[in-house]
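One letter stands for each residue in the lines below.
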Amino acid sequence: SIARRPGRPELSWGPMWLPFQDLGVDWNAMGFTVFDDELPGLPARLRAALDDPTSLQARFARTTQAAELFTPAGLTEYVLYVMTFYASTAPGRFEEVLSNACVSGLLGREAVIGK
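Starting from 1, residues in each chain are numbered consecutively following that chain's sequence as written. For a predicted model such as this one, the threshold for reporting local features is a pLDDT of at least 70, and the threshold for listing and counting side-chain atom pairs is 80 or more; totals across whole chains, interfaces and linings nevertheless cover every residue. For side-chain calculations, the full set of non-hydrogen atoms in the structure is used, while hydrogens and water are omitted.

J.: Which parts of the structure should I look at to understand the confidence of the model for the protein?
T.: In low-pLDDT regions, the fine details of the predicted coordinates are not to be read closely. Each residue gets a pLDDT score, which is the predictor's confidence in that residue and runs from 0 to 100. When the pLDDT values of the protein are averaged, the result is 75; 67% of them are 70 or greater. Numbering of helices and strands starts at the N terminus; helices are DSSP runs of H or I of at least 4 residues and strands are runs of E of at least 2. The weakest mean pLDDT in the protein belongs to helix α6 (residues 103-109) at 47; the strongest belongs to helix α2 (residues 42-50) at 93. Here a residue-residue contact requires only that any non-hydrogen atoms of the pair lie within 4.5 Å. A low-confidence stretch, residues 8-14 (pLDDT under 50), is modelled with 12 contacts involving residues beyond four sequence positions or located in other chains. Within the model, the stretch residues 104-115 combines pLDDT values under 50 with 12 contacts to residues more than four positions away or in other chains.

Right, here's the structure in full:
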């Protein structure tokens, strides 16, 4: 996963968000989350991970534990979970809260990056 660092003007919505983090999924424990300015060092990090069979086996085990989340049924359940959470935070204002909470709602209110 590649993201731009928070605070950079070309990406104004703040810290990186990845799905399932709120369920305890640690993306860095399964793979690598890097910012765009860290890309030059990624090959060395990947080589080091591939050269460490114990670490690699642990990453595969964590990925296996989370695999069900990445199925159509798992994704549907997660979307319903997130929508229920946002609906419960502001009864009667679900659409407003949801549009402010998700990236697509945020992008709809901001100028397109790079324009």
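J.: Can you walk me through helix α4 (residues 72-89) in this structure?
T.: In an α-helix, one full turn covers 3.6 residues, which means residues spaced three or four apart are oriented alike. An ideal rise of 1.5 Å per residue puts 26 Å on 18 residues; α4 measures up with 26 Å between its terminal C-alpha atoms. Under the scheme applied here, a residue whose accessible area is under 20% of the maximum for its type counts as buried, over 50% as exposed, and between as partly exposed, the area being computed with a 1.4 Å probe on protein chains only. Those residues of α4 that sit buried are G74, Y78 and V82. Along the axis of α4, the buried residues cluster in a sector spanning 70°; they form a single face. In α4, those exposed residues whose orientation departs by more than 90 degrees from the buried face are P72, E77, T84 and S88. The length a helix should cover is 1.5 Å for every residue beyond the first. Note that the arc is defined by the directions from the helix axis to the C-beta atoms.

J.: I'm lost on the side chain of R59 in this one. Help?
T.: Counting through the fold element by element, R59 comes out in helix α3 (residues 53-66). Positive: Lys, Arg. Negative: Asp, Glu. His and the chain ends are not part of the count. Whenever a carboxyl oxygen of Asp or Glu lies within 4 Å of a side-chain nitrogen of Lys or Arg, that contact is scored as a salt bridge. Despite being buried, R59 has no salt bridge partner; D26 is the closest side chain of opposite charge, sitting 7.7 Å away. Other than its neighbours up to four places away in sequence, R59 contacts N28, A29, M30, G31, F32 and A49.

J.: Sorry, what's going on with the environment of L56 here?
T.: For L56, the position within the fold is in helix α3. It is 9.8 Å that separates the C-alpha atoms of L56 and A29, two residues lying 27 residues apart in sequence. In contact with L56, not counting residues within four places along its chain, are A49 and L50.

J.: I tried to follow the packing of aromatic side chains on my own but got confused; where do I start?
T.: Two aromatic rings, drawn from Phe, Tyr or Trp (for Trp, its six-membered ring), form a pair once their centres lie within 6.5 Å of each other, and the interplanar angle then sorts them: stacked below 30 degrees, edge-to-face above 60, tilted otherwise. Evaluated as defined, the whole model comprises four aromatic pairs. Centroid distance W27 to F70: 5.7 Å. Interplanar angle 85°. Geometry classified as edge-to-face. Placement of W27 in helix α1 (residues 27-30) and of F70 in the loop between α3 and α4 is noted, with a sequence separation of 43 residues between them. Between the aromatic rings of Y78 and Y81, the centroid separation amounts to 6.0 Å while the plane-to-plane angle is 35°, which identifies the pairing as tilted. Pair noted here: Y78 and Y81 are both in helix α4, with a separation of three residues, about one helical turn. Among the residues examined, Y78 registers a relative accessible area of 6% and is labelled buried. Its end group placed over the ring of F32, R59 keeps NZ or CZ at 4.5 Å from the ring centre. Over a ring means this: the NZ of a Lys or the CZ of an Arg is within 6 Å of the ring centre and within 35 degrees of the ring normal.

J.: Help me out: how do you make sense of a nonpolar patch on the surface in this one?
T.: There is a patch of nonpolar side chains on the surface, built from L75, V79 and M83 and spanning about 230 Å² of accessible area. Relative to the helices and strands, V79 resides in helix α4. The class of V79 is partly exposed, set by a relative accessible area of 39%. Within this analysis, patches are made of residues with over 30% relative accessible area and no salt bridge. Like charges are joined at 9 Å or less; nonpolar side chains (Val, Leu, Ile, Met, Phe, Trp, Tyr) at 5 Å or less. The accessible surface values rely on the Shrake-Rupley method and a 1.4 Å probe; as for residues, cover is taken only from the protein chains in view.

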